[in-house]
Amino acid sequence: MGNQVLDRYDVVVIGGGAAGLNGALMLGRARRSVVVIDAGEPRNAPADGIHGLLGREGMPPSDLLALGRAEAEQYGADIVSATVTRVQRDNEDFVVELSDTRSVRASRILLTTGLTDELPDIPGLRQRWGRDVIHCPYCHGWEVRDQAIGVLATSPMTVHQALMFRQLSDDVVVFLNGTQLPAEQAEQLAARGITTVPDLVAGVEVVDDAISGVRLHDGTVIKRQVVVVATRMVARANFLDALGLQPQEHPSGMGEFIPTDAMGRTEVPDVWAAGNVTDLMAQVGASAAAGAAAAAQINADLVHSDTLAAVAQYRR
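Throughout this document, residue positions are counted from 1 along each chain, in the order its sequence is written. Under the rules for a predicted model, residues below a pLDDT of 70 receive no local features and side-chain atom pairs below 80 are neither given nor counted, while totals for whole chains, interfaces and linings still include all residues. Think of the side-chain values as coming from all heavy atoms in the structure, minus any hydrogens and water.

If you look the protein chain up in an unreviewed UniProt entry, it shows as Thioredoxin reductase from Hoyosella rhizosphaerae. UniProt positions are given in the numbering used here, feature names are shortened, and annotations may be inferred rather than shown by experiment. The annotation that UniProt attaches to the protein chain under Catalytic activity (unreviewed entry) is "[thioredoxin]-dithiol + NADP(+) = [thioredoxin]-disulfide + NADPH + H(+)".

Set out below in structure tokens:
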């Protein structure tokens, strides 16, 4: 079967996480026709709960998404479960092609696809990711307080991570994995009582569905309950090539993002972005707020276009 147009909307929101759903909520309340295309692969799916979000502390991520969907639908938003494969221009519209051969048209795009976490190729990390392999002290730190924490040296953020988690536990070990630290950073770790292990890391030991330690290349296992690792964060946006919009290297060196201006506009006219796809460090609350802010800008832009068209018609 060929592509079938579901409908034409004012806005297609690509990505149904906190940013996308909050954007759809705002657009729906502004009486805009909006559809959310969601692949159903939230970044925080492995986590037990959301933290640092007022009024929703500890709520399972899936519960928050279910609530968000219901609230967006309450104001007329359509939710479509599918993966976007391509977005292209067709005169004044965008055509958003879906994995099930259907397509959706809209005059504006809000990109809220988030990012993927690329983990180092060390056995055991992916298996325990989001459980006792973590990256963010604000997302998971309280839950691992006072535990034996190991920090893997995988990025320029290693020392920063180690110092942040030292706030939560006095038993922190940095596994340098063959790298060397500048003298100033080594001194900082030593001053905070953080041990460093220079050897290469061979893997993460898992016993009874929990981390038991970090195994070195020589077979030594250093007992740890938690492993901290900085991932490479990469924006989910490979379907935008036809628009000439591609992820760029983030200034922090931590991954790739879609740049926007302060209003959420990308370099492609009529395309906005919000959440982790453009802000690698944003937590759930910040992503939701950014989605709402971008939606307000989109609505204002549509109001301007509607007014120009009305004036032209009035003059005729």
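(A) Up close: the packing of helix α5 (residues 158-166) against helix α6 (residues 183-191). With axes taken as lines fitted to C-alpha atoms, and helix axes fitted only over the stretch in contact, angles between N-to-C directions fall between 0 and 180 degrees. In this description a helix means any DSSP run of H or I spanning at least four residues, a strand means any run of E spanning at least two, and both kinds are numbered starting from the N terminus. For the pair α5 and α6, the least separation of the axes is 11 Å and the interaxial angle reads 15°. With respect to each other, α5 and α6 are oriented roughly parallel. Here α5 runs over α6; the crossing is left-handed. Taken together, the residues of α6 that come into contact with α5 (itself represented by V159, A162 and L163) are Q185, Q188 and L189. Counted by class, the contact of α5 with α6 contains four nonpolar, two polar and no charged residues. Small angles under 35 degrees read as roughly parallel and large ones over 145 as roughly antiparallel, with 65 to 115 read as roughly perpendicular and the rest as oblique. Note: crossing handedness is left-handed where the near helix turns anticlockwise from the far helix by less than a right angle, and right-handed where it turns clockwise. Every residue pair with non-hydrogen atoms within 4.5 Å of one another is taken to be in contact. Throughout, the ten residues Ala, Val, Leu, Ile, Met, Phe, Trp, Tyr, Cys and Pro are labelled nonpolar, Asp, Glu, Lys and Arg are labelled charged, and all others, Gly among them, are labelled polar.

(B) Structural view of the pairing of strand β2 (residues 34-38). Of all five residues that make up β2, five are buried, and the element is covered over most of its length. As paired strands, β2 and strand β3 (residues 78-81) are joined by four bridges and run parallel to one another. Across the sheet, the residue bridging to I37 is V80, located in β3. The definition of a right-handed crossover adopted here requires that, viewed with the strands pointing away, the path from the first strand over the helix to the second runs clockwise. Between β2 and its parallel partner β3, the chain crosses via helix α2 (residues 61-74), and the hand of that crossover is right-handed. Buried means the residue's accessible area, taken with a 1.4 Å probe over protein chains only, is under 20% of the maximum for its type, while exposed means over 50%, and partly exposed covers the values in between. Should DSSP find at least two bridges between two strands, the strands are regarded as paired.

(C) Local environment of the UniProt feature "domain: FAD/NAD(P)-binding" (unreviewed entry) in the protein chain. Under the UniProt annotation, the feature "domain: FAD/NAD(P)-binding" (unreviewed entry) is placed at residues 9-289. What you have in residues 9-289 is 21% helix and 30% strand, and the ends, taken at the C-alpha atoms, are 23 Å apart.

(D) Region of interest: the sheet that holds strand β15 (residues 226-228). As summarised here, the arrangement of the five strands in space is β8-β15-β9-β10-β11, forming an open sheet in which the pairing is parallel. For this open sheet the edge positions go to β8 (133-134) and β11 (195-197), each flanked by a neighbour on one side alone. As judged from the four bridges shared by strand β9 (residues 149-152) and strand β10 (residues 172-175), these two strands associate in the parallel manner. Counterpart to I149 in the pairing with β10 is V172.

(E) Seen up close, the pattern of salt bridges. Think of a salt bridge as a Lys or Arg side-chain nitrogen and an Asp or Glu carboxyl oxygen that are within 4 Å of each other. Tallying each qualifying case throughout the model produces 17 salt bridges. When the shortest N-O distance is used, the salt bridge between D270 and R89 registers 3.2 Å. Of this pair, D270 sits in the loop between β18 (255-257) and β19 (271-273) while R89 sits in strand β4 (residues 84-90), placing them 181 residues apart in sequence. Given the relative accessible area of 34%, R89 is considered partly exposed. The residue D301 makes a salt bridge to R265 at a minimum N-O spacing of 3.3 Å. With D301 in helix α7 (residues 284-315) and R265 in the loop between β18 and β19, this residue pair connects regions lying 36 residues apart in the sequence.

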